[in-house]
Amino acid sequence: MIVAMIAEKGGAGKTVLATGLAGMRSSAGNRTLLIDADRQGSSHYWAQTRSELRLPPVDSTSLYGEAFARQIAALSSRYDDAVIDTGAGDSAEMETALRTAGCVIAPLQPAGVDVWTMGLVDVRVAAALERNPGLRPWALFNRASANPRNRDEAEARAALQGCAALRVADIRICDRVAFRRALTAGRRCTSIRRAPAGRGRRWRRCTSSPLENLTRTAE
Ligand SMILES: Nc1ncnc2c1ncn2[C@@H]1O[C@H](COP(=O)(O)OP(=O)(O)O)[C@@H](O)[C@H]1O
Ligand SMILES: [Mg+2]
């Protein structure tokens, strides 16, 4: 399956999620290709760092524009999974990702301006669904507060209910220094919590499986 990370805003967590997911799939034994479609090249650099540190390798390539659009189908057919990391904002790469992916994840921080940009993403996803009806589009909170008293996420969830195409994942990724360190160290870090089911309920610490389930959900 092809999973793509997209966002209007830079710094939303696309690269952290793309590398983390590619690392997970790869270590689970799936033939996995990480496609860096962002000219900043951070995902590709992450994969190279892994090789240099002799960590279990993750295949990766950098591809943009026309070449990306032309080669994605053939390239991804050689792998069980392809994980695409795109740059911020609307782009030819985002277009290709939306056209070819089975699942698209749009990470966002649960904060005002980040939430506002999701309207643009929602419009892009809604248009993509007309040509790629099998696409499963998720908005996913990243860098969420681990403080259960913090209301930012609840407010952001309420605001996103107006989305026509995007579904809001009930898992969150908290803001952790380990994520920043993992990216530059060629490592993956997956500390994901489920959204609390009710007020006062303790958040359950989860392993990486919710992110896996999110991308596998067959609906
Ligand atoms: N959950 C998180 N906790 C802490 N830092 C994070 C988290 N997600 C992303 N970051 C950091 O935020 C910055 C932007 O993340 P990145 O994945 O590069 O965003 P994008 O690819 O969308 O521009 C990076 O320094 C990254 O390490
Ligand atoms: Mg990035």
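Whatever comes next refers back to the structure up there.
Turning to the site of ligand 1, a few remarks are in order. Surrounding ligand 1, one finds 18 residues, the nearest of these being K14, T15, V16, F179 and R180. When contributions to the shell around ligand 1 are tallied by element, the ones reaching two or more residues are α1 (14-27), β6 (136-144) and α8 (177-184). Taken together, the residues of the shell around ligand 1 break down into seven nonpolar, six polar and five charged.

What follows is about the pairing of strand β2 (residues 32-37). Buried residues dominate β2, accounting for six of its six residues. Burial along β2 is two-sided: the face carrying T32, L34 and D36 and the face carrying L33, I35 and A37 are both buried. Direction of pairing for β2 relative to strand β4 (residues 81-86): parallel, over a ladder of six bridges. Bridge pairing in β4 places A37 opposite T86.

Let us look at the environment of R50. Examined against the element boundaries, R50 turns out to sit in helix α2 (residues 42-52). According to the C-beta neighbour criterion, R50 is buried, with 21 such atoms within 10 Å. Sequence spacing of R50 and A185 is 135 residues, and the spatial spacing of their C-alpha atoms is 7.6 Å. Apart from residues no more than four positions distant in its own chain, R50 is found in contact with L55, P57, V58 and G186.

As a further point, take the pairing of strand β3 (residues 59-62). Sheet topology places β2 next to β3; four bridges connect them, and they run parallel. Bridged to D36 within β3 is S62. Remark: the β2/α2/β3 crossover connection has right-handed handedness.

For the rest of this paragraph, the subject is α2. Taken together, the buried positions of α2 are occupied by S43, H44, W46, A47 and R50. Projected onto a plane normal to the axis of α2, the buried residues spread over an arc of 155 degrees and lie on a single side. Against the buried residues of α2 lie α1, β2, β3, β4 and α8.

Thresholds applied
- Residues numbered from 1 in each chain as written.
- Chains lettered and ligands numbered in written order.
- Predicted model: local features only at pLDDT ≥ 70, side-chain atom pairs only at ≥ 80, totals over all residues.
- Near = placed C-beta within 6 Å.
- Helix = DSSP H or I, 4+ residues; strand = E, 2+ residues; numbered from the N terminus.
- Nonpolar A, V, L, I, M, F, W, Y, C, P; charged D, E, K, R; others polar.
- Buried ≥ 20, exposed ≤ 12 C-beta atoms within 10 Å, placed from the backbone.
- Pairing = 2+ DSSP bridges.
- Contact = placed C-beta atoms within 7 Å.
- Right-handed = clockwise from strand over helix to strand, strands pointing away.
- Arc of directions from axis to C-beta.

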